[in-house]
Amino acid sequence: MRIDLAGATLDIWPLYLYHAGAQTLNVAVTLRARCWLQTRNDRRLTLRSLDTDQWIEADHRSTLPDSTPWRLLKRIIDFFDGEGLNIVTQSDSPIGAGIAGSSALNVATCAALARWRGRDLSPEALLGIAMNVEAQVIDVPTGVQDYRPAYYGGISAVEMGVGGVTRVALDVDPVSLSERLIVAHTGASRESAINNWQIVKGRIDREPGIATHFDQICRVAGTMRKALIAADWPEVGRQLNHEWELRKRLTPRVTTPAIDNLIERARRTGALGSKVCGAGGGGCIASGGLPAFGIQRRGTRVLELHAFGQFFLLLATLLFHRFDFFGTGDFHVRQGAHDFLLDVV
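Along each chain, residues carry numbers from 1 onward, in the same order as the chain's sequence is written. Side-chain atom pairs in this predicted model are given and counted only at pLDDT of 80 or more, local residue features only at pLDDT of at least 70, and totals for whole chains, interfaces and linings cover all residues. Side-chain numbers here rest on the full set of heavy atoms in the structure, without hydrogens or water.

## Concerning the overall build of the protein chain
Okay, step 1: Elements are defined by DSSP. Helices are runs of H or I of four residues or more, strands are runs of E of two residues or more, and each kind is numbered from the N terminus. Within the protein chain, the secondary structure is distributed over nine helices and 16 strands.
Okay, step 2: A 1.4 Å probe rolled over the protein chains alone gives each residue an accessible area, and that area as a share of the maximum for its type sets the label: buried under 20%, exposed over 50%, partly exposed in between. Within the protein chain, the fraction of its 345 residues that count as buried is 54%.
Okay, step 3: By definition, residues are in contact when any of their heavy atoms lie within 4.5 Å. Taking as baseline every contact in the protein chain between residues at least 6 positions apart, the subset at least 24 positions apart corresponds to 70%.
Okay, step 4: Here, Shrake-Rupley sampling with a 1.4 Å probe gives the accessible areas, and only protein chains in the shown set may cover a residue. Accessible surface for the protein chain amounts to roughly 14800 Å². Of this, 51% is attributable to carbon and sulfur atoms.

In structure tokens, the structure reads:
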């Protein structure tokens, strides 16, 4: 999963074609999504979501419900002609946290089913399938950013333009960044598809001010990228704040009183800058500060947010290497049936 630092929403086609230098900056975190597959001796399908504590069994994929929490899984199974499988999914992210939990789970499931089918997909082909399936599920265009941290990990820029989409690993020390970056949950889910589509539609319809705001967001992403590489942490904090102010001007729905309160509390704790993760309206905020920012607790740096009732904390330790999908020894044969395990960040 990921924290998006700058440039989000611009990764939705065709927005990035309208703004020169469009890029998003993101950081993969050690919250994971998992998909387990086990072959059966019949053609039935059994699906289980550990997050919702629900399960369902069907004679054929065509009879699976096209509704929450099964809709995404059903579409992926349809694409890969899944049958004769037990499928279990689990995500470390709260629902609607704004850190691309559904995209990570999507990538994990697509990769597991592709492996089951014996399809040797390139990374971009796999991520393209995941993106297109998710667009079918949410009924609006999706962005290109969220799938790449799930596959590659690390700290990166996703550059977008007429020539396509390119992920560029950034030369940023992950330890230094993890010492200065904290994520906290607001206690409410965000409305990603609704918020993003309204902004995309407004840009296409040439609503006043939106194009200018996106041009400014492009410049913020460029400035922040340079600051990250230079380890100029005060400048990173300033650009986090600048990005957040621009995003609030795009749509008032990006923030809530709970988000505003949490960001203000983070500032009082020592944050140099904060912004909402993802499309906003709920979910998580990311705050950046100096190494002394936050409280040391059990080796994990957290914001002192215990007074905020239902708010809870998410660890933001960075991964700085590509995750090797099946290199962990989790793929094995048992009693004649293949068990597939795929974890992604």
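## Some details on the state of the cysteines
Okay, step 1: Two cysteine sulfurs form a disulfide in these notes if their separation is within 2.5 Å. For the structure on display, the rule yields zero disulfides.
Okay, step 2: Free of any disulfide, cysteine 110 has its nearest cysteine sulfur in cysteine 35, 9.2 Å distant.

## As for the pattern of salt bridges
Okay, step 1: The rule for a salt bridge is simple: a side-chain nitrogen of Lys or Arg has to be within 4 Å of a carboxyl oxygen of Asp or Glu. This model, assessed by the stated rule, comprises 24 salt bridges.
Okay, step 2: With a shortest N-O distance of 2.9 Å, glutamate 57 and arginine 44 are connected by a salt bridge. A residue pair is termed long-range when its members are at least 10 positions apart, and glutamate 57 in strand β5 (residues 54–58) and arginine 44 in the loop between β3 (33–39) and β4 (45–49) qualify at 13 residues.
Okay, step 3: A network of salt bridges, in which partner residues are shared, links Arg40, Asp42, Arg44, Glu57 and Asp59.

## Observations concerning the packing of aromatic side chains
Okay, step 1: Aromatic rings from Phe, Tyr and Trp, with only the six-membered ring used for Trp, were paired whenever their centres fell within 6.5 Å, and each pair was classed as stacked if the ring planes differed by under 30 degrees, edge-to-face if by over 60, and tilted otherwise. Within the structure shown, the criterion is met by two aromatic pairs.
Okay, step 2: When the centroid spacing of 5.0 Å and the interplanar angle of 85 degrees are considered together, the rings of phenylalanine 79 and phenylalanine 80 count as edge-to-face.
Okay, step 3: What makes phenylalanine 79 partly exposed here is its relative accessible area of 40%.
Okay, step 4: On the basis of relative accessibility, which here comes to 2%, the residue phenylalanine 80 falls in the buried class.

## Remarks on the packing of helix α2 (residues 101–117) against helix α3 (residues 123–138)
Okay, step 1: Fitting a line to C-alpha atoms yields each axis, with helices limited to the stretch in contact; the angle taken between N-to-C directions then spans 0 to 180 degrees. Axis separation between α2 and α3 bottoms out at 9 Å; the angle between their running directions is 125 degrees. On the basis of the axis angle, α2 is oblique to α3. Between α2 and α3 the crossing geometry is right-handed. On the side of α2, the interface is formed by Ser102, Ser103, Asn106, Val107, Cys110 and Ala111, while α3 contributes Leu126, Leu127, Ile129, Ala130 and Glu134.
Okay, step 2: Lys, Arg, Asp and Glu make up the charged group, whereas Ala, Val, Leu, Ile, Met, Phe, Trp, Tyr, Cys and Pro make up the nonpolar group; the residues left over, Gly among them, are polar. Classifying every residue of the contact of α2 with α3 gives seven nonpolar, three polar and one charged. Roughly parallel covers angles under 35 degrees, roughly antiparallel covers those over 145, roughly perpendicular covers 65 to 115, and oblique covers all other angles. Crossing handedness follows the turn of the near helix against the far one: under a right angle anticlockwise gives a left-handed crossing, and clockwise gives a right-handed one.

## With respect to the sheet that holds strand β1 (residues 2–6)
Okay, step 1: In space, the four strands of this open sheet follow the order β1-β2-β7-β8, with antiparallel pairing throughout. For this open sheet the edge positions go to β1 and β8 (164–169), each flanked by a neighbour on one side alone. Sheet twist, expressed as the mean angle between neighbouring strand axes with direction ignored, is 25 degrees.
Okay, step 2: With respect to the sheet, helix α7 (residues 210–229) is in contact with β1, β2 (23–28), β7 (155–161) and β8, its orientation differing from that of β2 by roughly 40 degrees. In short, DSSP must find at least two bridges between two strands for them to pair.

## Examining the confidence of the model for the protein chain
Okay, step 1: Of the residues in the protein chain, 82% reach a pLDDT of 70 or more, and the chain-wide mean stands at 82.
Okay, step 2: Each residue carries a pLDDT value, the predictor's own confidence for that position, ranging from 0 to 100. Low pLDDT, under 50, characterises residues 295–340; the predicted model gives this stretch 119 contacts beyond four residues in sequence or across chains.

## What to know about the pairing of strand β9 (residues 181–185)
Okay, step 1: In terms of residue burial, β9 counts as a mostly covered element, since five of its five residues are buried.
Okay, step 2: Residues Leu181, Val183 and His185 line one face of β9 and the alternating positions Ile182 and Ala184 line the opposite face, and both faces are buried.

## Description of a nonpolar patch on the surface
Okay, step 1: Each patch groups residues whose relative accessible area exceeds 30% and which form no salt bridge, using 9 Å between like charges and 5 Å between nonpolar side chains of Val, Leu, Ile, Met, Phe, Trp and Tyr. Residues Trp13, Leu17, Tyr18, Val162 and Ile204 make up a contiguous nonpolar surface patch of roughly 550 Å² in combined accessible area.
Okay, step 2: Tracing the backbone shows tyrosine 18 in the loop between β1 and β2.

## What about unusual backbone geometry?
Okay, step 1: For the bond from tryptophan 13 to proline 14, the omega torsion is 5 degrees, close enough to zero to count as cis.
Okay, step 2: You can see proline 14 is positioned in the loop between β1 and β2.
Okay, step 3: Residue threonine 68 is joined to proline 69 through a cis peptide bond whose omega torsion reads 5 degrees.
Okay, step 4: Phi is positive for arginine 206, which is not a glycine, with a value near 60 degrees.
Okay, step 5: Residue arginine 206 is classed as exposed on the basis of its relative accessible area, which comes to 70%.

## A closer look at the environment of tryptophan 36
Okay, step 1: Assignment of secondary structure puts tryptophan 36 in strand β3.
Okay, step 2: Using a relative accessible area of 28% as the deciding quantity, one classes tryptophan 36 as partly exposed.
Okay, step 3: Counting along the chain gives 52 residues from tryptophan 36 to valine 88, while the straight-line C-alpha distance between them is 5.1 Å.

## Describing α2
Okay, step 1: For α2, with 17 residues, the first-to-last C-alpha span of 24 Å sits near the 24 Å given by 1.5 Å per residue.
Okay, step 2: Judged by how many residues are buried, α2 sits mostly within the fold: 14 of 17 residues are covered. Here the expected span of a helix is defined as 1.5 Å times the quantity of residues minus one.

## Comments concerning the side chain of glutamate 134
Okay, step 1: Here glutamate 134 lies in helix α3.
Okay, step 2: Since its relative accessible area comes to 10%, glutamate 134 is described here as buried.
Okay, step 3: Within polar-contact distance, the side chain of glutamate 134 engages the side chain of serine 103 at 3.4 Å.
Okay, step 4: Setting aside its immediate chain neighbours within four residues, glutamate 134 contacts Leu72, Ser102, Ser103, Asn106, Thr142 and Tyr147. Polar contacts, as counted here, are pairs of nitrogen or oxygen atoms within 3.5 Å of one another; within protein the pair requires one atom able to donate a hydrogen and one able to accept it, and residues that are adjacent in sequence qualify only if both atoms are side-chain atoms.

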